[in-house]
Amino acid sequence: MSFCVRYVDEDPEHQLILREDFLKFVSVENTTGKNIANVIFETIKCLGIDSNYMVGQGYDGAASMSGNFNGVQAIIRKVHPTALYVHCSAHSLNLALSHSCSIQHIRNCIGTIKSFPESKWTKLTSMCKTRWVENHDGLIRFTEIYKAIVNTLDDLQLKCDIETSSKALQLGKTIITSDFVIKYYRITIAIPFFDDFIEQLQARFNNHKKQISSLHKLLPKICNKIEIDANDFEIYSEFLDIEVLLTEIQLWKRKWSNKPEKEQPNSAIEAYIK
C-alpha cells in the first residue's frame, strides 16, 4: 500500500502552500478494513506523526476502504471523528469515464478493437476494463496505425488459411464501415456519452462537496450568501471554541461583504492565507 500525506506547509518565502507527499510503501498481509486501518495507525506512529490532527482520509471506493461500518474510513473515524473520508478524485474520474464508456455503441467499438490479437509482433496495446487511461492509450495507438491495420487485414484475407482469412474479413468490414468510423472518430453518440458523464461527475463529486460543506461555506464568495450555524462546525469542536468561532465568522463575513469579487479568495488555501 502506498502511504501519502496531504498538509499545509510554508515555502522558503513563508507563503502557505498545500503539499501532498509520498512517504513509503507499506506491506499489507490482510486486506480487511480492520487490518488496513491498524496498518495505517502503526505507520503513522512509526513515522512520528501526531494523528490527533488528522482531518481527512482518501482512498478508492472499495468496500474494505469506504464501508460505513467495517471499512478503513469508518474504523479510523471512530478514533478521529474529524478525519472525513473523501473518495479519491482521480479514481472517481476514472469510474465516471468507465461508466460512460459502457454505453452500447462505445462498448461495441472498444470491443471490436479488443478483438485484434496482441503479441510482440503488433504495435496494438490491450484494452483494460477498469483503467480508462490504459484504454485512452490503446485508442490513440489504434488511430495512429489505422491505415496499416486495414491494409494488413486485406493481405490476411488473401494469403492465409480459411479461419484467419474469415476473421480478417469480418474485422476488416467492421472497422471500415461508416458506422464504425463515425463512432470511432466522431463519436456520434457524443450527446448520450456526455449526458452520462456529466451525471456521473455530479453524482461522484457532489458527495465530495457535501463531506466538506462546512469548510466550503467559509469561502468569501459563499459565506455572505448563506446562513452558518454552530452545527456546521460541531465536528471540529475538539480543536475550536464553537461559541467564539461563530463571532469570528461574523467578523469574517463583514470583512468581505463590501469587497469586489475579484479581491475575494477563490480557494481554501487562499482563504486560509487571508
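Within each chain, residues carry numbers counting from 1 in the order of the written sequence. The predicted nature of this model means local features are confined to residues of pLDDT at least 70 and side-chain atom pairs, given and counted, to a pLDDT of 80 or more, with totals for whole chains, interfaces and linings taken over all residues. By convention in this description, side-chain values take in all heavy atoms of the structure and omit both hydrogens and water.

A. Structural view of the pattern of salt bridges. By definition here, a salt bridge exists when the distance from a side-chain nitrogen of Lys or Arg to a carboxyl oxygen of Asp or Glu is within 4 Å. Scanning all chains against the criterion turns up four salt bridges. Note that Arg-6 and Glu-20 form a salt bridge whose closest N and O atoms lie 3.1 Å from each other. Of the two residues, Arg-6 is situated in strand 1 (residues 2-10) and Glu-20 in strand 2 (residues 16-25); the sequence distance between them amounts to 14 residues. Exposure remark for Arg-6: the relative accessible area of 59% places this residue in the exposed category. Close ionic contact of Asp-9 with Arg-19 constitutes a salt bridge, the shortest N to O distance being 3.5 Å. Highlighted residues: Asp-9 in strand 1 and Arg-19 in strand 2, separated in sequence by ten residues. Partly exposed describes any residue whose relative accessible area lies between the buried limit of under 20% and the exposed limit of over 50%, with all areas from a 1.4 Å probe on protein chains only and scaled to the type maximum. The exposure class of Arg-19 is partly exposed, given its relative accessible area of 32%. Here a helix means four or more residues in a row that DSSP labels H or I, a strand means two or more in a row labelled E, and each is numbered from the N terminus.

B. Quick look at the packing of aromatic side chains. Only Phe, Tyr and Trp rings are paired, with Trp represented by its six-membered ring, and only when their centres lie within 6.5 Å; those with planes under 30 degrees apart are stacked, over 60 edge-to-face, the remainder tilted. Tallying each qualifying case throughout the model produces four aromatic pairs. Plain terms: the ring middles of Phe-22 and Phe-25 are 4.9 Å apart, the flat faces sit at 55° to each other, and that makes the pair tilted. Classification of Phe-22 by relative accessible area gives partly exposed; the value is 43%. For Phe-25, a relative accessible area of 64% translates into the label exposed. With centroids separated by 5.5 Å and ring planes inclined at 75°, the aromatic side chains of Trp-252 and Trp-256 adopt a geometry described as edge-to-face. Placement of both Trp-252 and Trp-256 in helix 13 (residues 242-257) is noted, with a separation of four residues, approximately one turn of the helix. For Trp-252, a relative accessible area of 16% translates into the label buried. Remark: a charge is flagged as sitting over a ring if the NZ atom of Lys or the CZ atom of Arg is within 6 Å of the ring centre and within 35 degrees of the ring normal. Positioned above the aromatic ring of Trp-256 is the side chain of Lys-255, whose terminal nitrogen or guanidinium carbon lies 5.0 Å from the ring centre.

C. Structural view of the packing of helix 7 (residues 146-159) against helix 8 (residues 162-176). Between helix 7 and helix 8, the least distance of the axes is 8 Å, while the angle of their chain directions is 145°. You can see that helix 7 and helix 8 cross each other, and the crossing is left-handed. Two secondary-structure elements touch here, helix 7 through Tyr-146, Ile-149, Val-150, Leu-153, Leu-156 and Gln-157 and helix 8 through Thr-164, Ser-165, Ala-168, Leu-169, Leu-171, Gly-172, Ile-175 and Ile-176. Among the residues forming the contact of helix 7 with helix 8, the class breakdown is ten nonpolar, four polar and no charged. What counts as an axis is a line fitted to C-alpha atoms, over the stretch in contact for a helix, and the angles between N-to-C directions run from 0 to 180 degrees. Should the near helix be turned anticlockwise from the far one by less than a right angle, the crossing is termed left-handed; should it be turned clockwise, right-handed. Should any heavy atoms of two residues lie within 4.5 Å, those residues are considered in contact. Charged residues are taken to be Asp, Glu, Lys and Arg, nonpolar residues to be Ala, Val, Leu, Ile, Met, Phe, Trp, Tyr, Cys and Pro, and polar residues to be all remaining types, Gly included.

D. Structural detail: the environment of Trp-252. Sequence separation between Trp-252 and Lys-274 is 22 residues; the distance between their C-alpha atoms is 9.9 Å. If near-sequence neighbours (up to four positions away) are discounted, Trp-252 is found in contact with Leu-218, Pro-220, Cys-223, Ala-271 and Lys-274.

E. View of the side chain of Ser-51. Inspection of the secondary structure assignment puts Ser-51 in the loop between helix 1 (33-46) and strand 3 (56-59). Using a relative accessible area of 19% as the deciding quantity, one classes Ser-51 as buried. A distance of 3.2 Å separates a polar atom in the side chain of Ser-51 from a polar atom in the side chain of His-80. Once residues within four sequence positions are removed from consideration, Ser-51 is found in contact with Ile-44 and His-80. Each polar contact in these results corresponds to two N or O atoms within 3.5 Å; when the atoms are within protein, one needs to be able to donate a hydrogen and the other to accept it, and residues that are neighboring in sequence are counted only if both atoms are side-chain atoms.

F. Just helix 1, in detail. The end-to-end C-alpha distance of helix 1 is 20 Å, a good match for the 20 Å that 14 residues give at a rise of 1.5 Å each. Among the structural elements, strand 1, strand 2, strand 3, helix 2 (63-66) and helix 3 (72-79) are those in contact with the buried residues of helix 1. A positive backbone phi angle near 75° is found at Gly-48, which sits one or two residues after helix 1. A helix is expected to span 1.5 Å multiplied by its residue count minus one.

G. Structural view of a nonpolar patch on the surface. Residues form patches when they are more than 30% accessible in relative terms and have no salt bridge. Like charges link within 9 Å. Nonpolar side chains (Val, Leu, Ile, Met, Phe, Trp, Tyr) link within 5 Å. Using the Shrake-Rupley algorithm and a 1.4 Å probe, accessible areas are obtained, with residue cover drawn only from the displayed protein chains. Judged by side-chain polarity, Tyr-53, Val-55, Phe-239 and Leu-240 come together as a nonpolar surface patch covering roughly 380 Å² of accessible area. For Leu-240, the location among the structural elements is in the loop between helix 12 (220-223) and helix 13.

H. Broad picture of the nonpolar core. Residues Ile-40, Tyr-59, Val-72 and Ile-76 are the most contacted members of the largest nonpolar core, which totals 15 residues. Taken together, the elements giving at least two residues each to this core come down to helix 1 and helix 3. Ranked by residue count, the leading element in this core is helix 1, at five residues. Setting aside chain neighbours within four positions, we find Tyr-59 in contact with Ile-40, Met-65, Val-72, Gln-73, Ile-76, Tyr-85, Val-86, His-87 and Cys-88. One finds Ile-228, Ile-242, Trp-252 and Trp-256 within the second-largest nonpolar core, a separate group that totals twelve residues. Residue types Ala, Val, Leu, Ile, Met, Phe, Trp, Tyr and Cys, when buried and joined through side-chain atoms within 4.5 Å, form a set referred to as a nonpolar core.

I. Quick peek at the state of the cysteines. In this description, a disulfide is simply a cysteine sulfur pair whose atoms lie within 2.5 Å. On inspection of all chains with the given rule, the structure shows zero disulfides. Distance from the sulfur of Cys-4, which forms no disulfide, to the nearest cysteine sulfur (Cys-88) is 10.0 Å.

J. Just the packing of helix 1 against helix 3, in detail. At a minimum axis separation of 8 Å, helix 1 and helix 3 run at an interaxial angle of 50°. In terms of their interaxial angle, helix 1 and helix 3 are classed as oblique. The interaxial crossing formed by helix 1 with helix 3 has right-handed handedness. In this structure, helix 1 uses Gly-33, Lys-34, Ile-36, Ala-37, Ile-40 and Phe-41 to contact helix 3, whose residues at the interface are Val-72, Ile-75, Ile-76 and Val-79. When grouped by side-chain class, the residues that make up the contact of helix 1 with helix 3 number eight nonpolar, one polar and one charged. Should an angle fall under 35 degrees it is called roughly parallel, over 145 degrees roughly antiparallel, and 65 to 115 degrees roughly perpendicular, with every other angle called oblique.

That is the geometry; function is a separate question.
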